[in-house]
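Results of the structural survey
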Amino acid sequence: MTESYTPLVVRDLHKSFNGNPVLEGLSLEAHVGDVITLIGSSGSGKSTFLRCMNLLEIPNEGDVIVHGEPVKFCVKRGERHPADWKQVERIRGKLSMVFQGFNLWAHMTLIGNVIEAPVHVLGLSKKEARERGMALLERVGLADRADYFPAQLSGGQAQRGAIARALAMEPEVMLFDEPTSALDPELVGDVLKVMRELADEGRTMVVVTHEMDFARDVSSQVIYLHKGQIAEAGKPGDILEKPGTPQLKQFLGPRF
Amino acid sequence: MPINFYGYGPRLLEGALLTAELAVLSLILALALGLLAASAKLSRSGPLRVLATIYSTAIRGVPELVLMMLLFYGGQIGVNMLTDRINAWAGTDYFINLNPFAAGVITLGVIYGAYMCETFRGAFLAVDSGQIEAAKAYGMSEWLAFRRVRFPLMMRHALPGLNNNWMVLLKATALVSIIGLTDMVRIADQATKATHLPFLFLIPVGLGYLAITTVSEIGVAWLRRRYDTGFNTDGA
Ligand SMILES: Nc1ncnc2c1ncn2[C@@H]1O[C@H](COP(=O)(O)OP(=O)(O)OP(=O)(O)O)[C@@H](O)[C@H]1O
Ligand SMILES: [Mg+2]
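Residues numbered from 1 in each chain as written. Chains lettered and ligands numbered in written order. Predicted model: local features only at pLDDT ≥ 70, side-chain atom pairs only at ≥ 80, totals over all residues. Heavy atoms only, no water.

1. Regarding the side chain of His107 of chain A
We count it as follows: Counting from the N terminus, the helices are DSSP H or I runs at least four residues long and the strands are E runs at least two residues long. Only protein chains enter the area calculation, which uses a 1.4 Å probe; residues under 20% of their type maximum are buried, those over 50% are exposed, and those in between are partly exposed. Pairs of N or O atoms are called polar contacts if they sit within 3.5 Å, as long as, within protein, a hydrogen donor faces a hydrogen acceptor (for residues adjacent in sequence, only side-chain-to-side-chain pairs). By definition in these notes, contact holds between two residues if any of their heavy atoms fall within 4.5 Å.
You can see His107 of chain A is positioned in the loop between strand S8 (95-98) and helix H3 (110-120). The class for His107 of chain A is buried, based on a relative accessible area of 16%. A distance of 2.8 Å separates the side chain of His107 of chain A from the backbone oxygen of Arg148 of chain B, its partner in a polar contact. When residues no more than four places from it in sequence are discounted, the contact partners of His107 of chain A are Phe149 of chain A together with Arg148, Val149, Pro152, Leu153, Thr229 and Phe231 of chain B.

In structure tokens form, the structure reads like this:
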């Protein structure tokens, strides 16, 4: 076993778009079972930070180390690129992402979505992937919706389905980008419940969220981003109850 | 009572077969070229984008008839220049006659590839980028993501336009008679001139085109259903 490796380490990450710096030196360490929540106002760089972790954005500087394996970069014509896309694909397979807009593949049934990457990326047999996929759909309460298409699901169902799709990869770390922000208020609870269960069973998760109750109850660490920098980080009890910076006080609202 | 075609019946059928073959082969070439050119246009590589843009713009801006003559006669001259060189160098005496059928397929394929390119390009752009992103996020390679996600989602948007291009291509096959191919229009023309009975020959020709489009409509309807899966959700 390689238990000794940290699932995800990010070191001194910088990212700019067209010369505008968006992330300025962010670091993070997710150990097994950690739930790290990223909070911050709109435009502070939460999504970009998350997307750098699975290389949907290529950081201009800094390291991403997944399960002890640093992503290799090279510089071509002054621009930084991954040196080995095969490595990137492999690493992405270990970091399942759940999107704000679900992004379920519209032309596949729910179970088709769940088994797609396990079959075609991990090389599982259809039969095995299906068995595992059905068990996951059962877990998120969607066994009876397996043969529905995404367009036939409610937002909450679609997001729980997307979580099942993420789980099917048996990822090292799950990345969530505001998974409940696109949902009607009455559907948020079901999705958060599933996420709480995942946290309870010791999954390693990095979650961008505006759900402060979730952040308070579930996280092992809260990171507050402000203008592309980590303004505060620590235990939720400290960060959310005794905010140090005026920005975080303002962000958390009238209580402070 | 069998209709008397004055002995042109079998040739008319041969012409119809040639039209169908020409159309189908040109379609396959046009789809392949269109897909390639659209991918080039949407690629990150500057030179590829420029090349594909020149191709689709230049071809679509010139009449089919002119292009066909240009490619056929120009092509023959090009081939001749090449064989002359080889002959001069090797002391041989080769001559390659450009096959009009192949020339027809290539010309129509190249021309309609430019139209297909635009249809594909628009359809690729209409695909929700989040779906592609999800494919990448789950470790799919470019090719796998293309095959499993980008292409099937794109086809739904492309089908109406592709079908339209196909109809125009089918009718443009009649132009090949100018480069010496005896398609069904050319046979009907010859027969009409000989017998002075235009309706006798031109109505069957019209029906021949209709037969081809009818068969293709069935195929298109099948493709529509296939690529509409998951979108047209009232039925499931
Ligand atoms: N592809 C891009 N091109 C240019 N600028 C971008 C791009 N993606 C993000 N940005 C910019 O980077 C900054 C951070 O964006 P990001 O989406 O990471 O913020 P966020 O914290 O997730 O905000 P929100 O809470 O609204 O989702 C913003 O100013 C945004 O305009
Ligand atoms: Mg965001």
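2. Regarding the interface of chain A and chain B
By a widely used convention, the size of an interface equals the accessible area lost when the partners come together. To be explicit about the condition: Once two parts are put together, the accessible area they lose, assessed with a 1.4 Å probe and summed over both, is termed the buried area. Here, a salt bridge means any side-chain nitrogen of Lys or Arg that lies within 4 Å of a carboxyl oxygen of Asp or Glu.
If you look at the interface, chain A gives 28 residues, while chain B gives 23 residues. For the chain A and chain B pair, buried surface summed over both sides reaches about 2200 Å², with 60% attributable to carbon and sulfur atoms. Broken down residue by residue, the surface that chain A buries against chain B is led by Trp105, His107 and His120 of chain A, which jointly contribute 26%. Put simply, chain A and chain B have two salt bridges between them. A salt bridge links Arg51 of chain A to Glu133 of chain B, with the nearest nitrogen and oxygen atoms 2.8 Å apart.

3. A word on the sheet that holds strand S4 (residues 61-66) of chain A
Residues and elements named next belong to chain A. What counts here: Strand pairing is defined by DSSP finding a minimum of two bridges between the two strands.
Spatial ordering of the open sheet is given by S2-S1-S4-S5, a layout of four strands whose pairing is antiparallel. Where the open sheet ends on each side, the last strands, each with one partner, are strand S2 (20-30) and strand S5 (69-70). The sheet contact formed by S4 and S5 spans two bridges and is antiparallel. Following the sheet pairing, Ile65 is matched in S5 by Pro70.

4. Topic: the site of ligand 1
Residues and elements named next belong to chain A. Which entries qualify depends on this criterion: In these notes, residues near a molecule or strand are those with any non-hydrogen atom within 4 Å of it. Only the protein chains shown count as cover for residues, and all accessible areas are computed by the Shrake-Rupley method using a 1.4 Å probe. Three categories are distinguished: nonpolar for Ala, Val, Leu, Ile, Met, Phe, Trp, Tyr, Cys and Pro, charged for Asp, Glu, Lys and Arg, and polar for the others, with Gly belonging to the last.
Close contacts around ligand 1 come from Phe17, Val22, Ser41, Ser42, Gly43, Ser44, Gly45, Lys46, Ser47, Thr48, Glu178 and His210, and that covers them all. Between ligand 1 and Lys46, the relevant distance is 2.8 Å, taken from an oxygen atom to a side-chain nitrogen or oxygen of the residue. In the environment of ligand 1, an oxygen atom lies 2.7 Å from a nitrogen or oxygen atom belonging to the side chain of Ser47. Coverage of ligand 1 by the protein chains reaches 58% of its 640 Å² of free accessible surface. Here the shell around ligand 1 is composed, by residue class, of two nonpolar, eight polar and two charged.

5. Comments concerning unusual backbone geometry
Phi at Asp12 of chain A takes a positive value of approximately 50°, unusual for a residue other than glycine. Following the sequence through the fold, Asp12 of chain A ends up in strand S1 (residues 8-17). The class of Asp12 of chain A is partly exposed, set by a relative accessible area of 41%. Not every positive phi belongs to a glycine, and His196 of chain B is a case in point at roughly 60°. On the secondary structure map, His196 of chain B appears in the loop between helix H7 (184-195) and helix H8 (198-228).

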